[in-house]
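The primary structure of each chain is shown beneath.
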Amino acid sequence: MNALTSRDVLRPGPKGFKAFAQRMVLALMPHFFTFLRRWKPVMKLGNNYLTSRYDDVREVFATDPAFGVIYKPHLDVIMGDQPFFLGMADTDQYRHDTDAMRKVVRPDDLPKLAAQTEAQAAQIVAQAGGKIDVVDTLVRRVTFTMLGDYLGVPDPPGGDLRVWGTRLFEFQFVDQGNDVELRKEVDQIAPALRLHIQNEIARRRIDPGKDDVLSRCLALQAEGDAAYSDDFIRTSLMGFIVGGPPQPPMVVPQAMEQLLRRPKVLAEAQAAARADDDERLRRYVLEAMRFDPLAPGLPRVALTDWTLGKGTSHAATIPAGAQVLAAFASAMMDPRRVANPRVFYPDRPASDYMHFGFGLHECFGRHINQATLHLMLKPLLKQPNLRRAPGREGKLSKNGPFAERLVVTYG
């Protein structure tokens, strides 16, 4: 895989005052959430509502008849109007499609994916010469290689999955303002990726090759299972490419940044890595992610009038058609349900975390994330004298919601 930097993968970020304002908003957001949890747990802004307490966020995620996902319009653009279960309500088709993909994305794949992730990360760290950009050189390269290989989707001729997948992710999950320039790129990338995957389907039907998700789908198709049409296979693989590998390069460098801010915690995480205590290391990375998760929250739309927090002093009726942001970043810092939320504590119960959502649309790939994210950092954490690089490059920089650069040195 060719070396790329965030300048190649991400669109140019804001400059000047706009960039400064963006950094300030991100810096002040935890304080804003603290205020909201105390004084205005359900905040109304026009026809939009922001909910910040743990119980209310879980209620939004768990009440599918009242709060639906808003992803379908952009998914239709990406998928060429083919349905993908991320945009569906709790319907028979949703259950059918997710069950079909669970037959080919299997729990017994996790040990192999974990081993592959650690081995590739170790090779990259060994070859980096004592200085590495955690975002691009390590995490993005490992993620796209591992998941592309597992799904059976190689880089397209003349293109790069890192660029295509990240751009489509931005359109699907970040762009709420209908960015004209982004849409122009999507209108080129989306059909090109659909064609690329369709060509792989045709090629692999003739030459099945290795065992991966695509080959398993085609084997079931050959056995006469009507669920695995070309449209379904193509759309599912494309959905996984868009929703999967762009995320670890966002959250894993942010977790590394949180460890670097806490020298004692970093030393403990390094001890777990050196002892090959993968479960302990996983807990450290998961807890680090709580302090800077993937996003402030996830959007939902009210499908009916619904009183959120019914029976509490802050109960609020959200009208049908209103958009709700379920701020899981705030929920994971709510002292009403999360003990000592500002303390780094790797032995927290699983219920304290909402990194991968909750309820019907909890991340489909959460088990892969749980098995691999910490192993992307493990070989790096094993290194002696691990520290930030001098100057600006040694501090995590962001481009909107995307981690952009974090350079560390070692040895």
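Structure's up top.
Right, let's walk through the structure included here.

About the criteria used
What you see as residue numbers is a count from 1 along each chain, following the sequence as written. Local features in this predicted model are restricted to residues of pLDDT 70 or higher, and side-chain atom pairs are both shown and tallied only at a pLDDT of 80 or more, whereas totals for entire chains, interfaces and linings draw on every residue. Where side-chain values are given, they derive from all heavy atoms of the structure, hydrogens and water being excluded. The helix count covers DSSP runs of H or I at least four residues long, the strand count covers runs of E at least two residues long, and both are numbered beginning at the N terminus. Burial status follows relative accessibility: with a 1.4 Å probe on protein chains alone, a residue under 20% of its type maximum counts as buried, one over 50% as exposed, and anything between as partly exposed. In this description, contact between two residues means that some pair of their heavy atoms is separated by no more than 4.5 Å. Only the protein chains shown count as covering a residue, and every accessible area follows the Shrake-Rupley method with a 1.4 Å probe. Counting rule for charge: Lys and Arg are taken as positive, Asp and Glu as negative, and neither His nor the chain ends is counted. To locate a charge, the coordinates of NZ of Lys, CZ of Arg, CG of Asp or CD of Glu are taken. Think of it this way: DSSP has to see at least two bridges between two strands before they count as a pair. Each axis is a line fitted through C-alpha atoms, taken for helices only over the stretch in contact, and angles between the N-to-C directions span 0 to 180 degrees. Within this scheme a cavity is a closed region of a 1 Å grid, computed over the protein atoms alone, that accommodates a 1.4 Å probe without allowing it to escape, whereas a pocket is open but has protein on both sides within 12 Å along at least five of seven lines; lining residues each have an atom within 4 Å of a point. Grid points are joined across faces, edges and corners, and a volume is the space filled by probe spheres set on the points. Here the nonpolar group is Ala, Val, Leu, Ile, Met, Phe, Trp, Tyr, Cys and Pro; Asp, Glu, Lys and Arg are the charged ones; every other residue, Gly included, is treated as polar. To sort the angles, those under 35 degrees are grouped as roughly parallel, those over 145 as roughly antiparallel, those from 65 to 115 as roughly perpendicular, and the leftovers as oblique. In the sections that follow, a salt bridge refers to a side-chain nitrogen of Lys or Arg positioned within 4 Å of a carboxyl oxygen of Asp or Glu. Take the buried residues of types Ala, Val, Leu, Ile, Met, Phe, Trp, Tyr and Cys, join any two whose side-chain atoms come within 4.5 Å, and each joined set is a nonpolar core.

### A short note on the overall build of the protein
Moving on, step 1. The helix and strand inventory of the protein stands at 16 helices and 12 strands.
Moving on, step 2. Projected onto its principal axes, the C-alpha coordinates of the protein cover approximately 65 × 55 × 45 Å.
Moving on, step 3. Residue burial in the protein is summarised as follows: out of 411 residues, 52% are buried.
Moving on, step 4. Considering only contacts in the protein between residues 6 or more positions apart, those separated by 24 or more positions represent 73%.
Moving on, step 5. A total of about 18400 Å² of accessible surface is found on the protein, and carbon and sulfur atoms cover 55% of it.
Moving on, step 6. Averaging the locations of the 54 positively and 48 negatively charged side chains of the protein gives two centres separated by 8 Å.

### Notes on the sheet that holds strand 8 (residues 323–326)
Moving on, step 1. On the basis of which strands lie adjacent, the open sheet formed by 5 strands has the order 1-2-8-5-3 and mixed pairing. Only two strands of the sheet have a single neighbouring strand rather than two, namely strand 1 (42–45) and strand 3 (67–68).
Moving on, step 2. In this fold helix 3 (residues 54–62) packs onto strand 1, strand 2 (48–51), strand 3, strand 5 (298–302) and strand 8, with an angle of close to 125° to the strand it touches most, strand 8.

### Comments concerning unusual backbone geometry
Moving on, step 1. Its identity as a non-glycine residue notwithstanding, aspartate 81 has a phi of 70°, on the positive side.
Moving on, step 2. Within the secondary structure layout, aspartate 81 lies in the loop between helix 4 (72–79) and helix 5 (92–102).
Moving on, step 3. The exposure class assigned to aspartate 81 is exposed, which follows from its relative accessible area of 59%.

### Considering empty space enclosed by the protein
Moving on, step 1. In total, this model carries 2 cavities of 30 Å³ or more according to the counting rule given.
Moving on, step 2. Space inside the largest cavity adds up to approximately 80 Å³.
Moving on, step 3. Considering the residues around the largest cavity, the lining is formed by Gln247, Pro248, Val251, Met289, Pro293, Leu294, His355, Phe356, Asn369 and Leu373.
Moving on, step 4. Put simply, the parts of the chain that give the lining of the largest cavity at least two residues each are helix 12 (248–260) and helix 16 (366–381).
Moving on, step 5. Taken together, the residues that form the lining of the largest cavity break down as 7 nonpolar, 3 polar and no charged.
Moving on, step 6. Considering only enclosed or pocket space, the second largest cavity measures out at about 50 Å³ in volume.
Moving on, step 7. Considering the residues around the second largest cavity, the lining is formed by Arg282, Val285, Leu286, Met289, Phe356, Asn369, Gln370, Leu373 and His374.
Moving on, step 8. Counting residues per element, the ones that place at least two in the lining of the second largest cavity are helix 14 (278–290) and helix 16.
Moving on, step 9. Partitioned by chemical class, the residues of the lining of the second largest cavity number 5 nonpolar, 3 polar and 1 charged.

### Examining the packing of helix 14 against helix 16
Moving on, step 1. Two numbers describe how helix 14 lies on helix 16: the axes approach to 9 Å, and their chain directions differ by 100°. Taken together, the axis directions place helix 14 and helix 16 in an arrangement best described as roughly perpendicular. Between helix 14, through Asp278, Leu281, Arg282, Val285, Leu286 and Met289, and helix 16, the contact on the second element is made entirely by Gln370, Leu373, His374, Leu375, Leu377, Lys378 and Leu381.
Moving on, step 2. Of the residues in the contact of helix 14 with helix 16, the class split is 8 nonpolar, 2 polar and 3 charged.

### Section: the side chain of arginine 300
Moving on, step 1. Within the secondary structure, arginine 300 sits in strand 5.
Moving on, step 2. At 5.9 Å, aspartate 64 is the nearest oppositely charged side chain to arginine 300, a buried residue that forms no salt bridge.

### Some thoughts on the nonpolar core
Moving on, step 1. Counting residues in hydrophobic clusters, the biggest one holds 117 residues, and the most contacted among them are Leu138, Met256, Leu380 and Leu381.
Moving on, step 2. Filtering out sequence-adjacent residues up to four positions away, leucine 381 remains in contact with Met256, Leu259, Leu266, Ala269, Gln270, Ala273, Arg274, Leu281 and Leu386.
Moving on, step 3. If you look at the next biggest cluster of nonpolar residues, it comprises 6 residues, including Leu36, Leu50, Ala327 and Ala329.

### Things to note about the pattern of salt bridges
Moving on, step 1. For the structure shown, the criterion picks out 39 salt bridges.
Moving on, step 2. Among the ionic pairs, arginine 336 bridges to aspartate 334, the shortest N-O distance being 2.7 Å.
Moving on, step 3. On the accessibility criterion, arginine 336 (37% relative accessible area) is partly exposed.
Moving on, step 4. A cluster of three or more residues bridged by salt bridges with shared partners is formed by Glu118, Asp276, Asp278, Lys378 and Lys382.

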